[in-house]
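Observations on chain architecture
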Amino acid sequence: MNPRTLGLACLVAFAAPACSGPVAEPTAPVESTEAVETTGTSTAAATTVERLYAAEGSLTLSFETLGTFETRNGVRALILHATANRYLSNVFSYVPDDAFGEANIISERRLEVVLPEGHELNSVLSGLPLFVTVDTFTGTPTHYTARIEVAPRFYDFQGSTSVWVSQDVTPYYVVNGNNPLVYRGSVDAAASALTVAAPDGVPTVARVDADTFNLDWNYTAMHQAMDPHTTPLTFTAALTAGGTAQKTGRVVPRVTSLALTTGDAYDVWPSPNCQPATYDCVQNKPAGTTDFSSCGTYRQVTRCLYVANACDVGAPQPLSLTQLDASALEPAQEEWVLGSNSGAWHGLEPIDAYRTPSCPSSPTTIQGVVAKVAELDREFPDPAGGTYTNRAGLSQSIFFTNNYYGDGAALLQAIDAYAGGGDVQAWLYTQGVPCQNCHEFDTRAVLYYPATRKVVVLDGYYGYDS
(Lines give C-alpha, C1' and ligand atoms only; values in the text may rest on other atoms or scores of the structure.)
Protein backbone atom coordinates (compact mmCIF):
# COMPACT_ATOMS: atom_id res chain seq x y z
CA MET A 1 0.00 0.00 0.00
CA ASN A 2 1.47 3.32 -1.00
CA PRO A 3 1.58 6.21 1.54
CA ARG A 4 -1.36 8.06 0.00
CA THR A 5 -3.57 4.96 0.07
CA LEU A 6 -2.51 4.22 3.63
CA GLY A 7 -3.26 7.79 4.67
CA LEU A 8 -6.80 7.59 3.25
CA ALA A 9 -7.36 4.32 5.08
CA CYS A 10 -6.21 5.94 8.33
CA LEU A 11 -8.59 8.86 7.84
CA VAL A 12 -11.51 6.50 7.29
CA ALA A 13 -10.57 4.69 10.49
CA PHE A 14 -10.20 7.86 12.55
CA ALA A 15 -13.34 7.36 14.59
CA ALA A 16 -12.51 3.77 15.55
CA PRO A 17 -10.95 3.52 19.04
CA ALA A 18 -7.85 1.37 19.42
CA CYS A 19 -5.85 -0.07 22.28
CA SER A 20 -3.46 -2.87 22.93
CA GLY A 21 -3.96 -6.57 23.41
CA PRO A 22 -2.13 -8.54 26.12
CA VAL A 23 1.63 -8.16 26.28
CA ALA A 24 4.20 -10.01 28.34
CA GLU A 25 6.05 -6.93 29.55
CA PRO A 26 4.70 -3.43 30.22
CA THR A 27 7.81 -1.94 28.62
CA ALA A 28 7.17 -3.13 25.06
CA PRO A 29 4.55 -0.92 23.33
CA VAL A 30 2.59 -2.51 20.49
CA GLU A 31 0.17 -1.17 17.92
CA SER A 32 -3.30 -2.68 17.86
CA THR A 33 -6.92 -1.96 17.06
CA GLU A 34 -8.38 -4.59 19.42
CA ALA A 35 -10.68 -3.88 22.36
CA VAL A 36 -8.99 -3.18 25.68
CA GLU A 37 -7.90 -6.22 27.71
CA THR A 38 -5.65 -6.65 30.74
CA THR A 39 -2.48 -5.03 29.54
CA GLY A 40 0.18 -2.65 30.73
CA THR A 41 0.82 -0.82 27.46
CA SER A 42 -0.94 0.86 24.55
CA THR A 43 0.29 2.72 21.46
CA ALA A 44 -1.21 3.55 18.11
CA ALA A 45 -0.90 5.88 15.15
CA ALA A 46 -2.18 9.31 16.06
CA THR A 47 -4.83 9.45 13.33
CA THR A 48 -6.41 6.10 14.29
CA VAL A 49 -7.27 6.54 17.98
CA GLU A 50 -8.89 9.13 20.19
CA ARG A 51 -8.00 7.39 23.46
CA LEU A 52 -5.23 5.05 24.66
CA TYR A 53 -5.83 2.40 27.32
CA ALA A 54 -3.60 0.48 29.70
CA ALA A 55 -4.54 -1.98 32.44
CA GLU A 56 -2.52 -3.41 35.31
CA GLY A 57 -3.69 -5.01 38.54
CA SER A 58 -7.14 -3.64 39.29
CA LEU A 59 -6.63 -0.32 37.45
CA THR A 60 -7.61 0.52 33.90
CA LEU A 61 -6.35 3.94 32.85
CA SER A 62 -7.03 5.77 29.62
CA PHE A 63 -5.70 9.03 28.16
CA GLU A 64 -7.35 11.14 25.52
CA THR A 65 -4.74 11.30 22.76
CA LEU A 66 -5.54 14.88 21.77
CA GLY A 67 -4.06 17.49 24.08
CA THR A 68 -5.45 21.02 24.26
CA PHE A 69 -4.00 24.35 25.29
CA GLU A 70 -5.35 26.56 28.05
CA THR A 71 -4.09 29.52 30.05
CA ARG A 72 -3.21 28.48 33.60
CA ASN A 73 -1.89 31.04 36.07
CA GLY A 74 -1.25 33.42 33.21
CA VAL A 75 0.81 30.89 31.21
CA ARG A 76 -0.23 28.83 28.20
CA ALA A 77 -0.09 25.14 29.02
CA LEU A 78 -0.79 21.80 27.38
CA ILE A 79 -3.58 19.92 29.17
CA LEU A 80 -3.84 16.12 28.93
CA HIS A 81 -6.91 14.33 30.27
CA ALA A 82 -7.15 10.79 31.67
CA THR A 83 -9.85 8.57 33.16
CA ALA A 84 -9.54 5.70 35.63
CA ASN A 85 -11.93 2.90 36.60
CA ARG A 86 -11.11 3.43 40.30
CA TYR A 87 -11.57 6.33 42.68
CA LEU A 88 -8.37 8.39 42.73
CA SER A 89 -6.61 9.40 45.94
CA ASN A 90 -3.41 11.01 44.63
CA VAL A 91 -1.65 11.81 41.35
CA PHE A 92 1.81 13.24 40.69
CA SER A 93 3.79 13.85 37.48
CA TYR A 94 7.57 13.66 37.14
CA VAL A 95 10.53 12.71 34.98
CA PRO A 96 13.53 10.78 36.36
CA ASP A 97 14.87 12.64 39.40
CA ASP A 98 12.67 15.71 38.92
CA ALA A 99 9.07 16.80 39.42
CA PHE A 100 7.71 17.81 36.04
CA GLY A 101 4.48 19.45 35.05
CA GLU A 102 1.54 19.15 37.38
CA ALA A 103 -1.02 16.38 37.81
CA ASN A 104 -4.42 17.16 39.33
CA ILE A 105 -7.49 15.12 40.25
CA ILE A 106 -10.43 16.88 38.61
CA SER A 107 -13.19 14.43 39.63
CA GLU A 108 -13.47 11.09 41.41
CA ARG A 109 -12.06 9.11 38.48
CA ARG A 110 -10.59 11.77 36.23
CA LEU A 111 -7.22 13.51 36.24
CA GLU A 112 -5.34 16.05 34.18
CA VAL A 113 -1.66 16.63 33.46
CA VAL A 114 -0.56 20.23 32.93
CA LEU A 115 2.64 21.00 31.01
CA PRO A 116 3.45 24.73 30.94
CA GLU A 117 4.70 26.20 27.67
CA GLY A 118 8.48 26.48 27.61
CA HIS A 119 11.09 24.10 28.99
CA GLU A 120 8.69 21.45 30.28
CA LEU A 121 6.55 21.25 27.15
CA ASN A 122 9.59 21.35 24.86
CA SER A 123 11.30 18.55 26.82
CA VAL A 124 8.32 16.22 26.55
CA LEU A 125 7.60 17.01 22.89
CA SER A 126 11.25 16.29 22.06
CA GLY A 127 10.95 12.73 23.33
CA LEU A 128 11.31 12.80 27.12
CA PRO A 129 8.79 10.32 28.65
CA LEU A 130 6.59 11.61 31.44
CA PHE A 131 5.75 9.47 34.50
CA VAL A 132 2.48 9.90 36.39
CA THR A 133 1.99 8.34 39.82
CA VAL A 134 -1.63 7.17 40.28
CA ASP A 135 -2.88 6.09 43.71
CA THR A 136 -6.40 4.68 44.22
CA PHE A 137 -8.64 4.28 47.25
CA THR A 138 -9.71 0.74 46.37
CA GLY A 139 -8.46 -2.32 44.53
CA THR A 140 -5.30 -4.38 44.85
CA PRO A 141 -2.74 -2.90 44.56
CA THR A 142 -3.49 0.79 45.04
CA HIS A 143 -0.21 2.31 43.78
CA TYR A 144 0.63 2.57 40.06
CA THR A 145 2.85 4.52 37.71
CA ALA A 146 1.89 5.47 34.17
CA ARG A 147 4.39 6.35 31.46
CA ILE A 148 3.25 8.52 28.55
CA GLU A 149 4.92 9.97 25.48
CA VAL A 150 3.64 13.08 23.71
CA ALA A 151 4.56 14.23 20.19
CA PRO A 152 3.37 16.68 17.53
CA ARG A 153 1.10 15.03 14.97
CA PHE A 154 -0.81 16.26 11.91
CA TYR A 155 -4.46 15.37 11.36
CA ASP A 156 -7.73 16.71 9.92
CA PHE A 157 -6.40 16.91 6.37
CA GLN A 158 -8.52 18.63 3.74
CA GLY A 159 -7.74 19.22 0.08
CA SER A 160 -5.90 17.76 -2.87
CA THR A 161 -4.51 14.22 -2.87
CA SER A 162 -1.58 15.53 -4.92
CA VAL A 163 -0.11 16.88 -1.68
CA TRP A 164 0.68 14.23 0.94
CA VAL A 165 1.54 15.55 4.41
CA SER A 166 3.02 12.98 6.78
CA GLN A 167 1.25 12.87 10.13
CA ASP A 168 4.56 12.46 11.97
CA VAL A 169 6.64 15.38 13.22
CA THR A 170 9.91 14.02 14.65
CA PRO A 171 12.51 15.75 16.83
CA TYR A 172 16.03 15.56 15.37
CA TYR A 173 19.49 16.82 16.24
CA VAL A 174 20.36 19.45 13.64
CA VAL A 175 23.04 22.03 14.45
CA ASN A 176 21.61 25.50 13.91
CA GLY A 177 23.13 28.16 16.11
CA ASN A 178 22.86 27.43 19.84
CA ASN A 179 19.81 25.19 19.58
CA PRO A 180 20.28 21.83 17.84
CA LEU A 181 16.66 20.68 18.34
CA VAL A 182 14.55 20.67 15.17
CA TYR A 183 11.01 19.34 14.81
CA ARG A 184 10.79 17.92 11.29
CA GLY A 185 7.78 16.99 9.18
CA SER A 186 7.59 15.85 5.58
CA VAL A 187 5.49 16.57 2.49
CA ASP A 188 5.35 14.43 -0.64
CA ALA A 189 4.34 16.30 -3.78
CA ALA A 190 5.52 16.21 -7.40
CA ALA A 191 6.11 19.93 -7.31
CA SER A 192 8.68 22.53 -8.27
CA ALA A 193 7.95 24.51 -5.11
CA LEU A 194 6.03 24.23 -1.84
CA THR A 195 4.85 27.02 0.43
CA VAL A 196 3.24 26.85 3.86
CA ALA A 197 0.96 29.55 5.25
CA ALA A 198 -0.41 30.03 8.76
CA PRO A 199 -1.02 32.91 11.18
CA ASP A 200 1.98 31.70 13.22
CA GLY A 201 4.30 28.73 13.34
CA VAL A 202 5.28 28.54 9.67
CA PRO A 203 8.08 25.98 9.17
CA THR A 204 11.20 26.33 7.07
CA VAL A 205 10.64 24.36 3.84
CA ALA A 206 13.57 22.56 2.18
CA ARG A 207 13.54 20.28 -0.84
CA VAL A 208 14.87 16.76 -0.26
CA ASP A 209 14.41 15.25 -3.72
CA ALA A 210 12.16 15.54 -6.77
CA ASP A 211 8.94 15.03 -4.80
CA THR A 212 9.81 15.36 -1.10
CA PHE A 213 10.09 18.44 1.10
CA ASN A 214 11.18 18.75 4.73
CA LEU A 215 9.32 21.01 7.15
CA ASP A 216 11.52 22.25 10.01
CA TRP A 217 10.33 24.05 13.13
CA ASN A 218 12.26 25.25 16.14
CA TYR A 219 10.41 24.87 19.44
CA THR A 220 8.89 28.36 19.43
CA ALA A 221 7.46 27.92 15.92
CA MET A 222 6.26 24.40 16.79
CA HIS A 223 4.32 25.69 19.78
CA GLN A 224 2.83 28.50 17.69
CA ALA A 225 1.72 25.99 15.03
CA MET A 226 -0.07 23.87 17.66
CA ASP A 227 -1.60 26.58 19.83
CA PRO A 228 -4.42 27.03 19.11
CA HIS A 229 -4.85 23.54 17.69
CA THR A 230 -7.97 24.63 15.80
CA THR A 231 -5.94 26.70 13.32
CA PRO A 232 -4.78 24.72 10.25
CA LEU A 233 -1.67 25.18 8.16
CA THR A 234 -2.14 25.58 4.40
CA PHE A 235 0.20 23.80 1.98
CA THR A 236 0.36 25.03 -1.60
CA ALA A 237 2.35 23.10 -4.22
CA ALA A 238 3.33 24.32 -7.69
CA LEU A 239 2.93 21.00 -9.51
CA THR A 240 5.55 19.96 -12.04
CA ALA A 241 2.73 18.83 -14.33
CA GLY A 242 1.27 22.33 -14.21
CA GLY A 243 -1.13 24.16 -11.94
CA THR A 244 -1.22 24.22 -8.17
CA ALA A 245 -2.59 21.94 -5.46
CA GLN A 246 -3.54 22.86 -1.92
CA LYS A 247 -4.10 20.98 1.31
CA THR A 248 -4.76 22.03 4.89
CA GLY A 249 -3.93 20.14 8.06
CA ARG A 250 -3.78 20.79 11.77
CA VAL A 251 -0.76 19.92 13.91
CA VAL A 252 -1.56 19.02 17.50
CA PRO A 253 0.11 17.51 20.56
CA ARG A 254 -0.84 13.82 20.85
CA VAL A 255 -0.33 11.20 23.52
CA THR A 256 1.36 8.55 21.37
CA SER A 257 2.03 5.84 23.96
CA LEU A 258 0.75 4.82 27.37
CA ALA A 259 2.13 2.17 29.72
CA LEU A 260 1.20 1.22 33.27
CA THR A 261 3.05 -0.69 35.99
CA THR A 262 2.78 -1.56 39.67
CA GLY A 263 6.55 -1.86 39.92
CA ASP A 264 9.31 0.66 40.37
CA ALA A 265 9.18 2.94 37.33
CA TYR A 266 12.96 3.32 37.28
CA ASP A 267 13.38 -0.46 37.09
CA VAL A 268 10.57 -1.07 34.62
CA TRP A 269 11.53 1.82 32.31
CA PRO A 270 15.23 2.56 32.84
CA SER A 271 16.62 5.58 31.04
CA PRO A 272 17.99 4.40 27.67
CA ASN A 273 21.71 4.44 27.03
CA CYS A 274 23.55 5.34 23.84
CA GLN A 275 22.99 2.55 21.33
CA PRO A 276 25.90 1.12 19.27
CA ALA A 277 24.24 1.76 15.90
CA THR A 278 23.54 5.39 16.78
CA TYR A 279 27.04 5.90 18.18
CA ASP A 280 28.67 4.47 15.06
CA CYS A 281 26.42 6.58 12.82
CA VAL A 282 27.36 9.78 14.65
CA GLN A 283 31.05 8.90 14.68
CA ASN A 284 31.03 8.02 10.97
CA LYS A 285 29.66 11.38 9.89
CA PRO A 286 32.14 13.63 8.08
CA ALA A 287 33.68 16.52 9.99
CA GLY A 288 31.38 19.53 9.91
CA THR A 289 28.15 17.50 9.69
CA THR A 290 25.20 19.51 11.01
CA ASP A 291 22.24 17.20 10.32
CA PHE A 292 22.25 13.94 12.29
CA SER A 293 18.65 12.94 11.50
CA SER A 294 19.81 9.78 9.72
CA CYS A 295 21.32 8.54 12.99
CA GLY A 296 18.12 8.62 15.06
CA THR A 297 15.89 10.96 17.00
CA TYR A 298 17.07 13.99 18.94
CA ARG A 299 17.35 12.12 22.22
CA GLN A 300 18.92 9.00 20.68
CA VAL A 301 21.68 11.17 19.21
CA THR A 302 22.26 13.37 22.27
CA ARG A 303 22.87 10.25 24.39
CA CYS A 304 25.83 9.43 22.16
CA LEU A 305 27.49 12.83 21.79
CA TYR A 306 29.52 12.78 24.99
CA VAL A 307 30.41 9.12 25.42
CA ALA A 308 33.90 9.03 26.96
CA ASN A 309 34.58 5.33 26.42
CA ALA A 310 33.21 3.64 23.30
CA CYS A 311 33.39 0.26 25.04
CA ASP A 312 30.66 1.51 27.39
CA VAL A 313 28.34 1.48 24.37
CA GLY A 314 29.04 -1.91 22.84
CA ALA A 315 31.06 -5.09 23.28
CA PRO A 316 34.64 -5.28 21.93
CA GLN A 317 34.76 -6.13 18.23
CA PRO A 318 37.41 -7.68 16.00
CA LEU A 319 39.02 -5.44 13.41
CA SER A 320 36.76 -4.62 10.49
CA LEU A 321 36.30 -1.75 8.04
CA THR A 322 33.01 0.11 7.67
CA GLN A 323 32.83 2.11 4.46
CA LEU A 324 32.26 5.86 4.77
CA ASP A 325 31.04 8.50 2.38
CA ALA A 326 34.21 9.99 0.86
CA SER A 327 32.50 12.27 -1.66
CA ALA A 328 33.94 15.30 0.15
CA LEU A 329 37.35 14.26 -1.23
CA GLU A 330 36.23 14.25 -4.86
CA PRO A 331 37.32 17.87 -5.58
CA ALA A 332 40.84 17.21 -4.24
CA GLN A 333 41.07 13.96 -6.17
CA GLU A 334 39.97 15.63 -9.39
CA GLU A 335 42.39 18.51 -8.86
CA TRP A 336 45.33 16.15 -8.35
CA VAL A 337 44.82 14.36 -11.69
CA LEU A 338 44.96 17.57 -13.75
CA GLY A 339 48.01 18.23 -15.93
CA SER A 340 48.72 14.96 -17.73
CA ASN A 341 50.14 15.26 -21.26
CA SER A 342 51.57 12.99 -23.93
CA GLY A 343 55.00 12.93 -22.30
CA ALA A 344 53.94 12.36 -18.69
CA TRP A 345 50.72 11.14 -17.19
CA HIS A 346 49.20 10.34 -13.82
CA GLY A 347 45.83 9.31 -12.39
CA LEU A 348 44.02 8.68 -9.14
CA GLU A 349 40.91 6.56 -8.69
CA PRO A 350 38.04 7.89 -6.52
CA ILE A 351 39.26 7.79 -2.95
CA ASP A 352 37.77 5.23 -0.55
CA ALA A 353 37.34 5.78 3.18
CA TYR A 354 36.52 3.47 6.07
CA ARG A 355 36.32 3.48 9.85
CA THR A 356 37.59 0.86 12.28
CA PRO A 357 35.53 -0.35 15.29
CA SER A 358 35.08 2.10 18.16
CA CYS A 359 35.75 -0.63 20.71
CA PRO A 360 38.35 -2.99 19.21
CA SER A 361 39.04 -6.33 20.87
CA SER A 362 42.76 -5.74 20.31
CA PRO A 363 44.80 -2.62 19.46
CA THR A 364 44.35 -1.46 15.87
CA THR A 365 47.56 -1.30 13.84
CA ILE A 366 48.30 -0.09 10.34
CA GLN A 367 49.43 -3.62 9.47
CA GLY A 368 46.02 -4.99 10.44
CA VAL A 369 44.26 -2.21 8.56
CA VAL A 370 46.22 -2.89 5.35
CA ALA A 371 45.42 -6.61 5.63
CA LYS A 372 41.71 -5.77 5.83
CA VAL A 373 41.97 -3.42 2.83
CA ALA A 374 43.65 -6.25 0.89
CA GLU A 375 40.72 -8.55 1.70
CA LEU A 376 38.34 -6.04 0.10
CA ASP A 377 40.36 -5.62 -3.12
CA ARG A 378 41.36 -8.68 -5.16
CA GLU A 379 43.88 -6.60 -7.11
CA PHE A 380 45.54 -5.19 -4.01
CA PRO A 381 49.30 -5.86 -4.08
CA ASP A 382 51.15 -7.92 -1.50
CA PRO A 383 51.44 -5.67 1.57
CA ALA A 384 55.01 -6.92 2.02
CA GLY A 385 55.95 -4.97 -1.10
CA GLY A 386 55.09 -1.65 0.54
CA THR A 387 56.58 0.49 3.29
CA TYR A 388 55.06 1.20 6.71
CA THR A 389 55.69 4.71 7.95
CA ASN A 390 54.20 7.73 9.73
CA ARG A 391 53.41 11.33 8.80
CA ALA A 392 57.08 12.17 8.42
CA GLY A 393 57.43 9.47 5.79
CA LEU A 394 54.52 10.57 3.60
CA SER A 395 56.94 12.50 1.41
CA GLN A 396 58.02 9.14 -0.01
CA SER A 397 54.73 9.00 -1.95
CA ILE A 398 54.07 10.95 -5.13
CA PHE A 399 50.54 11.53 -3.80
CA PHE A 400 51.66 13.84 -1.01
CA THR A 401 54.49 15.96 -2.45
CA ASN A 402 54.45 18.90 -4.82
CA ASN A 403 55.85 17.57 -8.08
CA TYR A 404 55.37 17.49 -11.81
CA TYR A 405 52.36 15.21 -11.50
CA GLY A 406 50.06 16.87 -8.98
CA ASP A 407 49.70 19.13 -5.96
CA GLY A 408 50.34 16.59 -3.22
CA ALA A 409 50.31 19.17 -0.43
CA ALA A 410 46.76 20.20 -1.32
CA LEU A 411 45.63 16.58 -1.53
CA LEU A 412 47.07 15.77 1.90
CA GLN A 413 45.51 18.90 3.37
CA ALA A 414 42.08 17.83 2.09
CA ILE A 415 42.52 14.30 3.47
CA ASP A 416 43.63 15.67 6.86
CA ALA A 417 40.57 17.90 6.99
CA TYR A 418 38.31 14.96 6.16
CA ALA A 419 39.96 12.46 8.53
CA GLY A 420 40.63 14.82 11.42
CA GLY A 421 44.38 15.36 11.14
CA GLY A 422 46.86 14.50 13.87
CA ASP A 423 48.88 11.31 14.04
CA VAL A 424 48.92 9.21 10.87
CA GLN A 425 50.04 5.63 10.34
CA ALA A 426 50.66 4.86 6.69
CA TRP A 427 51.48 2.16 4.18
CA LEU A 428 52.99 3.34 0.88
CA TYR A 429 53.50 1.30 -2.27
CA THR A 430 55.06 2.01 -5.66
CA GLN A 431 55.86 -0.67 -8.21
CA GLY A 432 56.79 -0.52 -11.91
CA VAL A 433 54.43 -2.10 -14.43
CA PRO A 434 55.15 -3.13 -18.04
CA CYS A 435 55.13 -0.16 -20.44
CA GLN A 436 56.54 -0.25 -24.00
CA ASN A 437 59.05 2.57 -24.58
CA CYS A 438 57.98 4.23 -21.36
CA HIS A 439 58.02 3.93 -17.58
CA GLU A 440 54.81 3.50 -15.60
CA PHE A 441 54.23 2.85 -11.93
CA ASP A 442 51.35 1.56 -9.86
CA THR A 443 51.20 3.59 -6.65
CA ARG A 444 49.01 3.19 -3.60
CA ALA A 445 48.65 4.53 -0.10
CA VAL A 446 46.67 3.55 3.00
CA LEU A 447 46.42 6.19 5.73
CA TYR A 448 45.11 5.33 9.21
CA TYR A 449 44.16 8.14 11.63
CA PRO A 450 44.05 6.57 15.12
CA ALA A 451 42.32 9.53 16.79
CA THR A 452 39.26 9.32 14.53
CA ARG A 453 39.67 5.66 13.46
CA LYS A 454 39.35 6.75 9.83
CA VAL A 455 41.12 4.93 7.00
CA VAL A 456 41.76 6.58 3.62
CA VAL A 457 42.78 4.45 0.63
CA LEU A 458 44.36 5.87 -2.53
CA ASP A 459 44.94 3.93 -5.76
CA GLY A 460 46.73 5.65 -8.64
CA TYR A 461 49.49 5.56 -11.22
CA TYR A 462 52.00 7.78 -12.98
CA GLY A 463 54.38 7.41 -15.91
CA TYR A 464 56.57 9.10 -18.48
CA ASP A 465 58.08 8.42 -21.88
CA SER A 466 61.55 6.92 -22.15
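Structure first, text after, so check above.
Since we're looking at a predicted model, the values are computed, not measured. Residue positions are counted from 1 within each chain, in the order its sequence is given. A pLDDT threshold of at least 70 governs which residues receive local features in this predicted model, and a stricter bar of 80 or more applies before side-chain atom pairs are shown or counted, although totals over entire chains, interfaces and linings include all residues. To obtain the side-chain values, all non-hydrogen atoms of the structure were used and water was disregarded.

Details of the packing of aromatic side chains
- Planes of paired rings set the category: under 30 degrees apart is stacked, over 60 is edge-to-face and the rest tilted, where pairs are Phe, Tyr or Trp rings (Trp by its six-membered ring) whose centres lie within 6.5 Å. Applying the stated criterion to the full structure yields 16 aromatic pairs.
- Between the aromatic rings of phenylalanine 92 and tyrosine 94, the centroid separation amounts to 6.0 Å while the plane-to-plane angle is 20°, which identifies the pairing as stacked.
- Aromatic side chains phenylalanine 441 and tyrosine 462 sit 5.0 Å apart centroid to centroid with 20° between the ring planes, which places their arrangement in the stacked category. You can see phenylalanine 441 sitting in strand β25 (residues 438-449) and its partner tyrosine 462 sitting in strand β26 (residues 454-465), a full 21 residues away along the chain.
- Taking relative accessible area as the criterion, tyrosine 462 reaches 15% and is therefore assigned buried.
- Members of the aromatic cluster, connected to one another through ring pairs, are Phe92, Tyr94, Phe131, Tyr266 and Trp269.
- A ring is considered to have a charge above it if a Lys NZ or an Arg CZ atom is located within 6 Å of its centre and within 35 degrees of its normal. A cation over a ring is seen here: arginine 254 above tyrosine 155, with NZ or CZ 4.7 Å from the ring centre.
- Against the face of tyrosine 418 rests lysine 454, its NZ or CZ located 4.4 Å from the ring centre. Runs of E in the DSSP output that reach at least two residues are strands. Runs of H or I that reach at least four are helices, and both are numbered from the N terminus. Note on classification: 1.4 Å probe, protein chains only; a residue is buried when its accessible area is under 20% of the maximum for its type, exposed when over 50%, partly exposed between these limits.

Things to note about the state of the cysteines
- The disulfide criterion used throughout: a pair of cysteine sulfur atoms within 2.5 Å. Summed over all chains, the structure comprises four disulfides.
- Disulfide pairing places cysteine 311 opposite cysteine 359 at an S-S distance of 1.9 Å. Torsion about the S-S bond of the cysteine 311 and cysteine 359 cystine: about 100°, corresponding to right-handed handedness. Placement of cysteine 311 in the loop between α6 (298-302) and β20 (322-323) and of cysteine 359 in the loop between β22 (352-355) and α8 (366-376) is noted, with a sequence separation of 48 residues between them.
- Using a relative accessible area of 2% as the deciding quantity, one classes cysteine 359 as buried.
- Counting only the cysteines that form disulfides, in the order they appear in the chain, gives the pairing 1-4, 2-3, 5-6, 7-8.

Notes on the pattern of salt bridges
- Salt bridges are identified by distance alone: a Lys or Arg side-chain nitrogen within 4 Å of an Asp or Glu carboxyl oxygen. On inspection of all chains with the given rule, the structure shows 14 salt bridges.
- In this structure, the salt-bridge partner of glutamate 64 is arginine 51, at a minimum N-O distance of 3.4 Å. Taken together, the residues glutamate 64 in strand β3 (residues 59-64) and arginine 51 in strand β2 (residues 51-56) connect sequence positions 13 residues apart.
- Assessed through its relative accessible area of 26%, glutamate 64 is described here as partly exposed.
- Among the ionic pairs, lysine 372 bridges to glutamate 375, the shortest N-O distance being 3.5 Å. Taken together, the residues span about one helical turn, with lysine 372 and glutamate 375 both in helix α8 at a distance of three residues.
- Shared partners join several salt bridges into a network, and the residues in it are Asp377, Asp442, Arg444 and Asp459.

A closer look at helix α9 (residues 408-419)
- A helix is expected to span 1.5 Å multiplied by its residue count minus one. Taking 1.5 Å of rise per residue, the twelve residues of α9 would be expected to cover 16 Å, and the 16 Å separating its terminal C-alpha atoms lies within 8% of that figure.
- Among all positions in α9, only Gly408, Leu411, Leu412, Ile415, Asp416, Tyr418 and Ala419 are buried. Summarising the axial view, the buried residues of α9 lie within an arc of 165°, below the 170-degree limit, and thus occupy one face. Seen from the buried face of α9, the exposed residues on the opposite side, beyond 90 degrees, are Gln413 and Ala417.
- Contact between two residues is taken to exist if any of their heavy atoms lie within 4.5 Å; hydrogens are not considered. The inward-facing, buried residues of α9 contact α7 (330-336), β21 (344-348), β22, β25 and β26.
- Sitting at the amino-terminal end of α9 is aspartate 407, which places a side-chain oxygen 3.4 Å from the backbone nitrogen of alanine 409.
- The positive-phi residue at the C-terminal boundary of α9 is glycine 420, with phi of around 105°. The arc in question is traced by the directions running from the helix axis to the C-beta atoms. Polar contacts, as counted here, are pairs of nitrogen or oxygen atoms within 3.5 Å of one another; within protein the pair requires one atom able to donate a hydrogen and one able to accept it, and residues that are adjacent in sequence qualify only if both atoms are side-chain atoms.

Description of the nonpolar core
- Here, nonpolar core refers to any group of buried Ala, Val, Leu, Ile, Met, Phe, Trp, Tyr and Cys residues whose side-chain atoms link them within 4.5 Å. Counting 64 residues, the largest nonpolar core has Leu61, Phe63, Leu111, Val113, Trp217 and Phe235 as its most contacted members.
- Sorting elements by how many residues they give to this core places strand β11 (residues 143-159) first, with six residues.
- Those residues in contact with phenylalanine 63 that lie beyond four places of it in its chain are Glu50, Arg51, Leu52, Leu80, His81, Ala82, Leu111, Val113, Ile148, Val255 and Leu258.
- Counting residues in hydrophobic clusters, the runner-up holds 28 residues, among them Trp336, Tyr405, Leu412 and Val456.

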